Structure formats: structure tokens, C-alpha cells
Amino acid sequence: MAASTAMSGQHHDETQTILALLQAGIPLTLLLDLATPIRSVDVYRTEPGAADWLEVAGVA
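Each value, and the rule that gives it
Residues numbered from 1 in each chain as written. Predicted model: local features only at pLDDT ≥ 70, side-chain atom pairs only at ≥ 80, totals over all residues. Heavy atoms only, no water. Helix = DSSP H or I, 4+ residues; strand = E, 2+ residues; numbered from the N terminus. Buried < 20%, exposed > 50% of the residue type's maximum accessible area, 1.4 Å probe, protein only. Areas by Shrake-Rupley, 256 points an atom, 1.4 Å probe, with all protein chains shown as cover. Salt bridge = Lys/Arg side-chain N within 4 Å of Asp/Glu carboxyl O. Contact = heavy atoms within 4.5 Å.

### Here's the deal with the overall build of the chain
Then, number 1: Secondary structure assignment for the chain yields three helices and zero strands.
Then, number 2: Listing each helix as α and each strand as β along the chain from the N terminus yields α-α-α.
Then, number 3: Out of the 60 residues in the chain, the part that is buried amounts to 2%.
Then, number 4: Entry remark: accessible area of the chain is about 5,700 Å², with carbon and sulfur atoms responsible for 65%.

### Some thoughts on the pattern of salt bridges
Then, number 1: On inspection of all chains with the given rule, the structure shows one salt bridge.
Then, number 2: The partner of Asp42 in a salt bridge is Arg39, with the nearest N and O atoms 4.0 Å apart.

### Focus: the environment of Leu21
Then, number 1: Structurally, the position occupied by Leu21 is in helix α1 (residues 2-23).
Then, number 2: In this structure Leu21 comes out as partly exposed when scored by relative accessible area, which is 34%.
Then, number 3: Placed ten residues apart in sequence, Leu21 and Leu31 show a C-alpha to C-alpha distance of 8.6 Å.
Then, number 4: Ignoring anything within four residues of it in the chain, the contact list for Leu21 reads Ile26 and Leu31.

This is how it looks when you write it as C-alpha cells:
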């Protein structure tokens, strides 16, 4: 029983943190991306393309 109480306390703390971040203006999509990280290798495999046309800002 103590474990479930600790988990619900942890859940409450995490919920409060998330709500505070949302209230501070952090986009929900960013929070979701951070909560479920993905491997870039998987993204490149499913979304092929080249980024060699991108330039660093301020460099000509």
C-alpha cells in the first residue's frame, strides 16, 4: 500500500510540474516531444531527404 501512495504522490508532483510549465507558456508539443524522445536514425529512415542545402545563419 505504501508503494501506491508514493506513486500517487510522485504522479501529483509530475502533474503539478507539467501544469506549471504549461502556465509559463511552454508549448504542449515541446513537452510531449521531450516526454517521448525518438531516435533521429528512425526519423531519417522514414523521412528521407538531404539537409545539405541548409546554411548556418550569418555565414555566406
